[in-house]
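# Architecture and fold: a report
Spelled out, the chains give:
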Amino acid sequence: MSKRTLTYVLLALWAVIYIWSFIAYSITAPTDFGFTRGLNRISGFLGWQFAAGLVSVFALALSFEFKPRSLARWLARLPFILALLLLIVILGIVGYAWWGNPVSNDAGVPAKPPAVTEPAVTAQ
């Protein structure tokens, strides 16, 4: 099998896994309840995306066998670029949640009453 054929087989395998990750996410019923409801859908999506990312690494390795600036070279690199983009988006969301616009610890806690300096009712 030539490297070009192997690359196209890997690209087809990557496309199937990549598309299946979205289909599996949409057809999986959310389980559990409360805060963790639907977490199985997200973990399934990320698992399939990880598998597609592994295939994309092999396609990236084969991309160096093609002539520079050729269409086949960029097609072989596209899956890795998409996997890297997904990783950057996830890390960006986590980073924003971690460092961006923090909520103070006393949110929702009523303010302390002012110190009492005189009686509430004066005697007459």
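Sequence order sets the numbering: in each chain, residues are counted from 1 along the sequence as written. pLDDT decides what is reported in this predicted model: residues at 70 or higher carry local features, side-chain atom pairs at 80 or more are listed and counted, and totals for whole chains, interfaces and linings draw on all residues regardless. For the side-chain quantities, the full set of heavy atoms in the structure was used; hydrogens and water were omitted.

## Quick look at the nonpolar core
Buried together is how nonpolar side chains tend to be arranged in soluble globular proteins. The term nonpolar core refers to a set of buried residues drawn from Ala, Val, Leu, Ile, Met, Phe, Trp, Tyr and Cys, joined through side-chain atoms within 4.5 Å. Burial classification: accessible surface area is computed with a 1.4 Å probe over protein chains only, and a residue below 20% of its type maximum counts as buried, one above 50% as exposed, and the rest as partly exposed. Ranked by size, the top nonpolar core spans eight residues in total: L10, L11, W14, I17, A52, V55, A59 and L62. Numbered from the N terminus, helices here are DSSP runs of H or I no shorter than four residues, and strands are runs of E no shorter than two. For this core, the elements supplying multiple residues, two or more each, are α1 (3-27) and α2 (39-63). In what follows, residue pairs with any heavy atoms lying within 4.5 Å of each other are defined as contacts. Other than its neighbours up to four places away in sequence, A52 contacts W14, I17 and Y18.

## Looking at the side chain of S63
Positionally, S63 belongs in helix α2. Each polar contact in these results corresponds to two N or O atoms within 3.5 Å; when the atoms are within protein, one needs to be able to donate a hydrogen and the other to accept it, and residues that are neighboring in sequence are counted only if both atoms are side-chain atoms. Within the structure, the side chain of S63 is placed 2.6 Å from the backbone oxygen of L60, a separation counted as a polar contact. Here R77 takes part through its side chain, which lies 3.4 Å from a polar atom of the side chain of S63. Apart from the residues within four sequence positions on either side, S63 is in contact with R73, A76 and R77.

## Remarks on the packing of α1 against helix α3 (residues 71-99)
Simply put, an axis is a line fit to the C-alpha atoms, just over the touching stretch for a helix, and the angle between two N-to-C directions goes from 0 to 180 degrees. The interhelical angle for the contact between α1 and α3, taken along N-to-C directions, is 30°, at an axis separation of 10 Å. In terms of their interaxial angle, α1 and α3 are classed as roughly parallel. As α1 runs across α3, the sense of the crossing is left-handed. Listed contacts from α3 to R4, T7, Y8, L11, W14 and Y18 of α1 are A72, L75, A76, P79 and L82. For classification purposes, an angle smaller than 35 degrees is called roughly parallel, one larger than 145 roughly antiparallel, one from 65 to 115 roughly perpendicular, and anything else oblique. In a left-handed crossing the near helix is turned counterclockwise from the far helix by less than a right angle, and in a right-handed crossing that turn is clockwise.

## Here we look at the packing of aromatic side chains
Only Phe, Tyr and Trp rings are paired, with Trp represented by its six-membered ring, and only when their centres lie within 6.5 Å; those with planes under 30 degrees apart are stacked, over 60 edge-to-face, the remainder tilted. Evaluation of the coordinates by the stated rule reveals six aromatic pairs. Where Y18 meets F22, the ring centres are 5.4 Å apart and the plane angle is 70°; that geometry is what we call edge-to-face. In this pair, Y18 and F22 are both assigned in helix α1, four residues apart and thus about one turn of the helix distant. According to the relative accessible area criterion, Y18 is partly exposed, its value standing at 22%. Classification of F22 by relative accessible area gives partly exposed; the value is 43%. Ring geometry for W98 versus W99: centroids 5.1 Å apart, planes at 0°, classification stacked. Accessibility classification places W98 together with W99 in one group, the exposed group. Grouped by ring-pair contacts, the aromatic residues W14, Y18, F22, Y25 and F45 constitute a single cluster. Above the face of the Y25 ring, R41 is positioned so that its terminal group lies 4.5 Å from the ring centre. In this structure, R77 is placed above the aromatic ring of W74, and the distance from its NZ or CZ to the ring centre is 5.4 Å. When the NZ atom of lysine or the CZ atom of arginine is within 6 Å of a ring's centre and also within 35 degrees of its normal, the charge is said to sit over that ring.

No statement about biological role is implied by the geometric values presented.
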